[in-house]
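So the chains spell out like this:
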Amino acid sequence: MFRKGILNLIVAIFLAACAAAGTPTSSAEPVKFGLAVGLTGYLAQLDGQLTDGAKLAADFINRQGGVLGRRLELVVVDMASDPQQGVQAVQRLITRDGVDVVLGGFSSASTAASAPVVAASRKPMLVASILPSPQPEWVFSTIPPAEFETAVRVDYLKSVGARSVGVLYDTTPYAALQLEIVRGQLSRAGIELVGAEKHGTDATDLRAQLASLLDRKPEALLKFGAGPTNIVAAKGLKQLGATVPLLMSIDDLSTYAQAYAEYPNIMFAAAPPQVYKELERPSKALTDFIDIWTKGGRQGDPVYSGRGWDAVFLAANAVNKAGTTDGEKVRVAFEDMEPYEGTSATYKFTRNNHYGIRENPMVLARFEGNSAKIVYRPR
């Protein structure tokens, strides 16, 4: 009995020392975050990088003591860039894997389809896409509001005296939202929208749409949507012998580079991680992340990995603030959280606004050689 008491005391002292030293205790149940992301399909590049950044953040957090003194575990499910499979992935994470917080990728359609699932299960969800309207009570977003991404391009066009533009956009909800928003922004800037042409996310030839827009003599073209169609648009402009500037939405730098190789007169909405070498005062989160990301031998574009990093830290902060993994308390903690300065922006959620980014972090950039250079910063 005496020996058993001594053993229990030693174990108690060890656990207390682990907590004091910031080491997660292996005996405690882990805190689980589930990722429902498109590791295959048209979002594979973006969601794959987001997943990589989320894993880097989880490792970093565990080295610092975990969440609530417990190990943070990530459970990843491929939703194949398909909204219906996205719902199934979220259901699996909640019912089979027992996650405490759901993290979603860049599929707006999947977010809209999954919102009722997390609400019914009372599990908060943090995504990198736009939110359905009205904003769901249980879903939060790390994405810059669409008006920020369009505004940086419209403001630039106004600054150079452009008077007319055409729009090429894909069938995603986010691109449709951008088109809706940009109509008002262009009108207020005194710039005429001469036409808007739509295309599928899997389009391989956009010359017909581009020719229709070019016939209306725009001084620039705006492209809404991410992925390979940005390269297809650049190729189409080259084949048509166009010279007008093409201003693209935020995307991976490798996509911009391939588009630039086809059609050099491109510019793009860029987030801080994409131009971090040009920033005067990058955030600590960005410098921490870039240090770990580069030491891992990674090359290319850090922005989407940074979004995954931010998502994990935001969710961990909410759970720590709540002091529990209880879904309702974590949801409220998201709304009451202090501002968090992440890799891409400062995030501050409220009860009435589940978009965390309040100030426009976007700049307009272009390639000069192999580097992305800032050409315009919003006022």
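Data block above holds the structure.
Residues numbered from 1 in each chain as written. Predicted model: local features only at pLDDT ≥ 70, side-chain atom pairs only at ≥ 80, totals over all residues. Heavy atoms only, no water.

## A word on the sheet that holds strand β5 (residues 139-141)
Move 1: In space, the 5 strands of this open sheet follow the order β2-β1-β3-β4-β5, with parallel pairing throughout. Looking at which strands have only one partner, the edges of the open sheet turn out to be β2 (72-78) and β5. Neighbour-to-neighbour, the strand axes of this sheet turn through a mean angle of 25°, independent of strand direction.
Move 2: In this sheet, strand β4 (residues 125-127) lies alongside strand β3 (residues 101-104) in parallel orientation, the contact comprising 2 bridges. Across the sheet, L103 pairs through a bridge with L126, a residue of β4.
Move 3: Contacts between helix α2 (residues 44-63) and the sheet are confined to β1 (31-37), β2 and β3, with β2 contributing the most and set at about 165° to the helix.
Move 4: The strands touched by helix α3 (residues 83-95) are β1, β2, β3 and β4; relative to β1, the strand with the most contacts, the crossing angle is about 165°. (Pairing = 2+ DSSP bridges. Helix = DSSP H or I, 4+ residues; strand = E, 2+ residues; numbered from the N terminus. Axes fitted to C-alpha atoms, helices over the stretch in contact; angles between N-to-C directions. Contact = heavy atoms within 4.5 Å.)

## Section: the pairing of strand β6 (residues 164-170)
Move 1: Of all 7 residues that make up β6, 7 are buried, and the element is covered over most of its length.
Move 2: Side chains S164, G166, L168 and D170 of β6 all project onto a buried face; the interleaved residues V165, V167 and Y169 project onto the opposite face, where all are buried too.
Move 3: Of the strand pairs in this sheet, β6 and strand β7 (residues 192-199) are connected by 7 bridges, and their pairing is parallel. Opposite V165, over in β7, you have L193 as the bridge partner.
Move 4: What joins β6 to β7 is helix α6 (residues 173-189), and the crossover it makes is right-handed.
Move 5: With 5 bridges connecting them, β6 and strand β8 (residues 220-224) associate as parallel partners. Looking at the pairing, V167 lines up with L222 of β8. (Buried < 20%, exposed > 50% of the residue type's maximum accessible area, 1.4 Å probe, protein only. Right-handed = clockwise from strand over helix to strand, strands pointing away.)

## Considerations on the nonpolar core
Move 1: Counting 102 residues, the largest nonpolar core has F33, L157, F268, W309, V312 and F334 as the members making the most contacts within it.
Move 2: Considering every element that reaches this core, the biggest residue donor is helix α11 (residues 303-322), with 11 residues.
Move 3: Once residues lying within four places of it in the same chain are set aside, the contact partners of W309 are G53, A54, L56, A57, F60, A285, D288, F289, I292, Y340 and T343.
Move 4: Core analysis: the next-biggest nonpolar cluster, separate from the first, contains 25 residues, A36, I94, V99 and A146 among them. (Core = buried A, V, L, I, M, F, W, Y, C linked by side-chain atoms within 4.5 Å.)

## Describing the pattern of salt bridges
Move 1: In total, this model carries 17 salt bridges according to the counting rule given.
Move 2: A salt bridge links R207 to D205; the shortest N-O distance between them is 2.7 Å.
Move 3: Between D291 and K295 there is a salt bridge; the shortest N-O distance is 3.3 Å. Here D291 pairs with K295, and both are found in helix α10 (residues 284-295), just 4 residues apart, close to one helical turn.
Move 4: Here K295 falls in the exposed class, since its relative accessible area comes to 67%.
Move 5: It is possible to trace a salt-bridge network through shared partners that takes in R122, E137, E328, R331 and E335. (Salt bridge = Lys/Arg side-chain N within 4 Å of Asp/Glu carboxyl O.)

## Quick notes on the packing of α2 against α10
Move 1: At a minimum axis distance of 11 Å, the contact between α2 and α10 shows a crossing angle of 105°. With respect to α10, the element α2 is oriented roughly perpendicular. Judged by residue contacts, D52, L56, F60 and R63 of α2 engage F289, I292 and W293 from α10. (Parallel < 35°, antiparallel > 145°, perpendicular 65-115°, else oblique.)

## Structural notes on the sheet that holds strand β14 (residues 371-376)
Move 1: The strand order across the open sheet formed by 7 strands is β7-β6-β8-β9-β10-β13-β14, and the pairing between neighbours is mixed. The open sheet has two edge strands with one neighbour each: β7 and β14. Ignoring strand direction, the axes of neighbouring strands in this sheet form an average angle of 30°.
Move 2: Direction of pairing for strand β9 (residues 246-248) relative to strand β10 (residues 266-270): parallel, over a ladder of 3 bridges. Across the sheet, the residue bridging to L247 is M267, located in β10.
Move 3: Sheet contacts for helix α9 (residues 253-262): β9, β10, β13 (363-368) and β14; angle to β10, the most-contacted strand, approximately 170°.

## Quick look at the packing of helix α5 (residues 146-159) against α6
Move 1: Taken N-terminus to C-terminus, the directions of α5 and α6 make an angle of 35°; their axes are 9 Å apart at the nearest point. Here α5 and α6 pass one another in a crossing that is right-handed. Here α5 contributes A146, E147, E149, T150, A151, R153, V154 and K158 to the contact with α6, which in turn contributes Y174, L177, Q178, I181, V182, Q185, L186 and A189.
Move 2: Its residues assigned to classes, the contact of α5 with α6 comprises 9 nonpolar, 3 polar and 4 charged. (Left-handed = near helix turned anticlockwise from the far one by under 90°. Nonpolar A, V, L, I, M, F, W, Y, C, P; charged D, E, K, R; others polar.)

## A few points about the packing of aromatic side chains
Move 1: Under the criterion given, the structure shown has 15 aromatic pairs.
Move 2: Between Y256 and F268, the aromatic rings sit 3.7 Å apart at their centres with planes inclined by 15°, giving stacked as the arrangement. Of this pair, Y256 sits in helix α9 while F268 sits in strand β10; the two residues are 12 residues apart in sequence, bridging distant segments of the chain.
Move 3: You can call Y256 buried: its relative accessible area is 0%.
Move 4: Ring geometry for F334 and F349: centres 6.0 Å apart, planes at 85°, overall edge-to-face. Of this pair, F334 sits in helix α12 (residues 327-336) while F349 sits in the loop between β12 (346-347) and β13, and the two are 15 residues apart along the sequence. Each member of the pair, F334 as well as F349, is classed as buried.
Move 5: Here the aromatic residues F60, F289, W293, W309, F313, Y340 and Y347 are joined through ring pairs into a cluster of three or more.
Move 6: A cation over a ring is seen here: R331 above W138, with NZ or CZ 5.3 Å from the ring centre. (Phe/Tyr/Trp six-rings, centres within 6.5 Å; stacked < 30°, edge-to-face > 60°. Lys NZ or Arg CZ within 6 Å of the ring centre and 35° of its normal.)

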